[in-house]
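Chain by chain, the residues run as shown.
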Amino acid sequence: MRRQKLEVADIFHRHGAAWRRANAGHVSLGQLQVISAVENCRSAVLGGHVERCEDCGHSRIAYNSCRNRHCPKCQGAAAKDWLAAREADLLPGGYFHLVFTLPAEIAPIAYQNKAVVYDLLFRTAAETLLTIAADPRHLGARIGATAVLHSWGSAMTHHPHLHMIVPGGGISLDGKRWVACRPGFLVSVRVLSRLFRRLFLAGLADAHAAGRLAFFGELDSLRNRAAFTAHLAPLKRKNWFVYAKPPFAGPQAVLAYLARYTHRVAISNSRLLALDERGVTFRYKDYRRDGRARPRTMTLAPTEFIRRFLLHILPKGFHRIRHYGLLASATCKANIARARELIAMPVPVTDPPAEHDGADPAAVAADHRPPCPCCGGRMIIVETFERCGAPRAPPSSDVGVRSATP
């Protein structure tokens, strides 16, 4: 398996121990667990297995993945599984991409209260969209949406925002017809931004009154109700950023886009360029520039790179992909079937997924196993070994060797 020249794991290996010592007492257990997972991912520490090609007999050692959702190396297979499940839920016609962004003044509060504020971002953005879409003065229909949380900008700064993928229409309020949006236009982003601002600020004030927000460091003064109210007051007059990108060309374009967004982490290994005496150099996009001037490079001290990476560790158990309206999990299948009926689209007949339920874990892993580098054949597992272990013997490259999967 081809390895990236430079990985986030290399930065943690070289500078992680010193960073942990320098920040002892100021690092959460979740952050420490992510550092450990990224450092050990696909190494002998996690154990592994020996794979052999069914056709030519080529063998190789493959170490286990950490499967941490913040690890740059573990998201490809997860994205493939998720997209395969979502493909059956796609509706014909255009899809829209909306972005709900929190103002910079709220970002520090969000960082110190991730579970509360990020959840509020999800709930208020979804309520805003569903409410406006159901209004007869706008679309007058029940719509669905898939929302994905991102907390970073291209330079890994803290920039909480929500991506929403929305079908270009919905089921009428009486449930008797499909209501398509106007070509290239879903609902007014100006109306969305104003309702989103009102709902979010009201929800944040309620969370403060209920004692659900914590403040420390430079934000310690916001514990006081009057100071907190004064801090939010200017935001009631500020324009909040809700952006609607042009509609997708069709369902396949939606899938291609989701593949890049649903399981993304703060920075991918492919963006890393160098780790040397100057620091960590990586590619990023400067959205204040246009065209060819937008791609840039940045060099950060290793300690600052690690700090920025860890800004985006989510609370344990927090769901960063959620579905609303017609796509809400409890009623999704029935709603999709009804929508297709109203659009006069035949329900597709597909084979049930061959993975997961009751499946052999080795078989599931094989779904994403790279093919043989020699002949492109299918690799099968011929031996497994435990954490910090090693195979019984070095992999053999003898052609024609056959062995059953354990």
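Shown above is the structure to which this text applies.
This write-up is about the structure you can find in this document. (Residues numbered from 1 in each chain as written. Predicted model: local features only at pLDDT ≥ 70, side-chain atom pairs only at ≥ 80, totals over all residues. Heavy atoms only, no water.)

Things to note about the pairing of strand β1 (residues 48-53)
Remark: a regular strand shows side chains that alternate across the two faces of the sheet.
Argument step 1. Most of β1 sits out of view: six of its six residues are buried.
Argument step 2. Residues of β1 alternate between two faces, with G48, V50 and R52 on one and H49, E51 and C53 on the opposite face, all of them buried.
Argument step 3. The pairing of β1 with strand β2 (residues 59-63) spans five bridges and is classified as antiparallel. Counted as the bridge partner of R52 is S59 from β2.
Argument step 4. Two successive antiparallel strands, β1 and β2, enclose a turn made up of five residues, where G57 displays a positive phi of approximately 85°.
Argument step 5. With six bridges joining them, β1 and strand β14 (residues 379-385) adopt antiparallel strand pairing. Of the residues in β14, the one forming a bridge with V50 is E383. (Buried < 20%, exposed > 50% of the residue type's maximum accessible area, 1.4 Å probe, protein only. Helix = DSSP H or I, 4+ residues; strand = E, 2+ residues; numbered from the N terminus. Pairing = 2+ DSSP bridges.)

Observations regarding the nonpolar core
Argument step 1. Grouped together as the largest cluster of nonpolar side chains are 51 residues, with contacts concentrated most on L98, L129, L162, M164, F196, F200 and L204.
Argument step 2. Elements with a minimum of two residues in this core: β3 (95-101), α4 (107-112), α5 (114-134), β5 (144-152), β6 (158-167), α6 (189-209) and α7 (225-232).
Argument step 3. The element contributing the most residues to this core is α5, with 11 residues.
Argument step 4. If we ignore the near neighbours within four places in the chain, the residues touching F196 are F100, T101, L102, L121, T124, A125, T128, W240 and V242.
Argument step 5. Counting residues in each nonpolar core, the second largest holds 30 residues, with C41, W152, M156 and Y284 among its members. (Core = buried A, V, L, I, M, F, W, Y, C linked by side-chain atoms within 4.5 Å. Contact = heavy atoms within 4.5 Å.)

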